Amino acid sequence: MNWAFTSSGSVTETYALGLLRKMLEIPSASYQERALADYLAEAMSDLGFQAHIDGVGNVVGVIERGVGPTVMLLGHMDTVSGHVPVRSEDGRLYGRGAVDAKGPLAAMICAAAGAVDFRGRIVVIGVVEEETPRSRGAMAIRATHDRPDALIIGEPSGWSSVVLGYKGKLDLRYTVKCPATHPSNPVPKASELAVACWDALVELLGPDASHGAFDQPGATLCRLNADLTTATADLSVRVPPGFDVDELVRELSDRLPAGNLDVLNSVAACRVGRADPAVRALVSGVRQLHAQPRLVVKTATSDMNTLAEVWDIPMATYGPGDSSLDHADDEHILLSDYMRGIDVLAIAISELAHLPVRPDDRVHAPQPVRSLR
């Protein structure tokens, strides 16, 4: 028996904790994930995966255990920038990515490696660039991998909560140039036009717009560089399911007397139902650990959105960790929650082994799309 496994085949607590700590000790800000990918490819190989790094830098590990469904577990390796010293203290493990989202990814690796009774194919993927506008890692996965029978996205939900969906996201850039003039000239200046663009967006979204409500859009003025002659404003809108993004862009463009409004990225909102098989499998895991599951929706955006655009399959998002600590200066995960997360995922994988395998799901050629996250 490999020292990383218990006599029953599950990954030992010592190994699981060591895996996550080592992942935190390897910096992996967006676009700089290769060192972590190399480490995870070796670690997964040692755990029995067939592991490799693909053309965009994603690490992919596959376990084949007989005939059965394909279950994909996908998390991201990259983090936002900023250093959080790695340390253990009072049952907490601190480090950049502990919550978002190395904790969930490490839990997925450990759960998959220990799912000895699963019959089928388990694919665990750590993708690159989730924290960037274009989600290049997830875009590559949906373009190159056959559609699995079920998908679990690794993001911090809290160990006893399951995420049903996320708002979509629309990124806009407004640019304008104006002739040089005296500040007292009554003609509109570039800086004033950029502010007017933001005001027009807020007015179009209406008084109920909010980042705190899943069924309402919410806007953010992400960047504004402006003077009298040139201005650039980056605007981001989180949108609920069914929101007409094209109509918003048309109406906003019609209100701008000058300049250009460009769509940088757009990804639709996604939401699954409570009866979704992936949701039910995760809920079963939480209940078997004697907790009451919570089903939640998120007002941010994740790789679940990117994959849901082309894969109509059972899916949900799950992972240990308190999402309020995403990107925080004291980012940390409770080690007890991390271990519970591994157990929940192991149970969910076992439950998903009973999914029917549909031959038509094995071939999928995604069509080109205009929108990128």
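Structure shown above.
Source: prediction; values computed, not measured.

A. Local environment of the pairing of strand 8 (residues 161-166). Counting buried positions over the 6 residues of strand 8 gives 6, a clear majority of the element. Alignment of strand 8 against strand 14 (residues 294-298), held across 5 bridges, turns out to be parallel. Paired with Ser 161 across the strands is Arg 294, a residue of strand 14. Pairing geometry for strand 8 and strand 13 (residues 270-271), over 2 bridges, is antiparallel. Each residue of the ladder has a partner; that of Tyr 166, found in strand 13, is Cys 270.

B. Representation of the pattern of salt bridges within the structure. Scanning all chains against the criterion turns up 13 salt bridges. Residue Arg 21 pairs with Glu 25 through a salt bridge whose shortest N-O separation is 3.3 Å. One end of the pair is Arg 21 and the other is Glu 25, both in helix 1 (residues 13-25) and 4 residues apart, which spans about a single turn. Glu 64 is the salt-bridge partner of Arg 121, the closest N and O atoms lying 2.9 Å from each other. Of the two residues, Arg 121 is situated in strand 6 (residues 120-127) and Glu 64 in strand 2 (residues 59-65); the sequence distance between them amounts to 57 residues. Given a relative accessible area of 47%, Glu 64 falls into the partly exposed group. Within this structure, Arg 173, Arg 223 and Asp 234 form a network of salt bridges that share partners.

C. The arrangement of the sheet that holds strand 16 (residues 332-334) in detail. Ordered by their spatial adjacency, 3 strands build an open sheet running 4-5-16, and the pairing between neighbours is antiparallel. Among the strands making up the open sheet, the edge pair consists of strand 4 (87-89) and strand 16. Averaged over all pairs of adjacent strands, the angle between their axes in this sheet comes to 20°, without regard to strand direction. By the bridge criterion, 3 bridges tie strand 5 (residues 92-94) to strand 16 in an arrangement that is antiparallel. Looking at the pairing, Tyr 94 lines up with His 332 of strand 16.

D. Looking closely at the environment of Phe 243. With respect to the element layout, Phe 243 can be found in the loop between strand 11 (230-239) and helix 6 (245-254). In the structure, Phe 243 is positioned 211 residues away from Gln 32 in sequence and 34 Å away in space, judged by C-alpha atoms.

E. Structural detail: helix 7 (residues 277-288). Taking 1.5 Å per residue, 12 residues should reach 16 Å; helix 7 reaches 16 Å between its end C-alpha atoms and fits that length. Listed in full, the buried residues belonging to helix 7 are Ala 278, Val 279, Ala 281, Leu 282, Val 283, Ser 284, Gly 285 and Val 286. Considering only its buried residues, helix 7 is in contact with strand 7 (150-154), strand 8, strand 14, strand 15 (315-318) and helix 9 (335-352). One side-chain oxygen of the residue at the start of helix 7 lies 2.8 Å from the amide nitrogen of Ala 278, identifying that residue as Asp 276. Two residues or fewer past helix 7, His 290 is found with a positive phi of approximately 65°.

F. Local environment of the packing of helix 1 against helix 2 (residues 34-46). Running from N to C, helix 1 and helix 2 point in directions that differ by 160°, and their axes come no closer than 11 Å. Between helix 1 and helix 2, the angle falls in the class roughly antiparallel. Crossing hand, helix 1 versus helix 2: right-handed. For the pair formed by helix 1 and helix 2, the contact residues are Tyr 15, Leu 19, Lys 22 and Met 23 on the first element and Leu 36, Tyr 39, Leu 40 and Ala 43 on the second. Each residue belonging to the contact of helix 1 with helix 2 can be placed in one class, and the counts come to 7 nonpolar, no polar and 1 charged.

G. Spatial organisation of the layout of surface pockets. The calculated volume of the second largest pocket comes to roughly 310 Å³. Taken together, 16 residues make up the lining of the second largest pocket; nearest its centre are Ser 10, Ala 111, Gly 114, Ala 115 and Ala 346. Of all the elements, helix 9 adds the most residues to the lining of the second largest pocket, at 6 residues. Of the residues contributing to the lining of the second largest pocket, the split by class is 11 nonpolar, 3 polar and 2 charged.

Cut-off values and rules
- Residues numbered from 1 in each chain as written.
- Predicted model: local features only at pLDDT ≥ 70, side-chain atom pairs only at ≥ 80, totals over all residues.
- Heavy atoms only, no water.
- Buried < 20%, exposed > 50% of the residue type's maximum accessible area, 1.4 Å probe, protein only.
- Helix = DSSP H or I, 4+ residues; strand = E, 2+ residues; numbered from the N terminus.
- Pairing = 2+ DSSP bridges.
- Salt bridge = Lys/Arg side-chain N within 4 Å of Asp/Glu carboxyl O.
- Axes fitted to C-alpha atoms, helices over the stretch in contact; angles between N-to-C directions.
- Expected span 1.5 Å × (residues − 1).
- Contact = heavy atoms within 4.5 Å.
- Polar contact = N/O pair within 3.5 Å; in protein donor to acceptor, adjacent residues only side chain to side chain.
- Parallel < 35°, antiparallel > 145°, perpendicular 65-115°, else oblique.
- Left-handed = near helix turned anticlockwise from the far one by under 90°.
- Nonpolar A, V, L, I, M, F, W, Y, C, P; charged D, E, K, R; others polar.
- 1 Å grid on protein atoms, 1.4 Å probe; cavity = no way out; pocket = protein on both sides within 12 Å on 5 of 7 lines; lining within 4 Å.
- Points joined across faces, edges and corners; volume = space filled by probe spheres on them.

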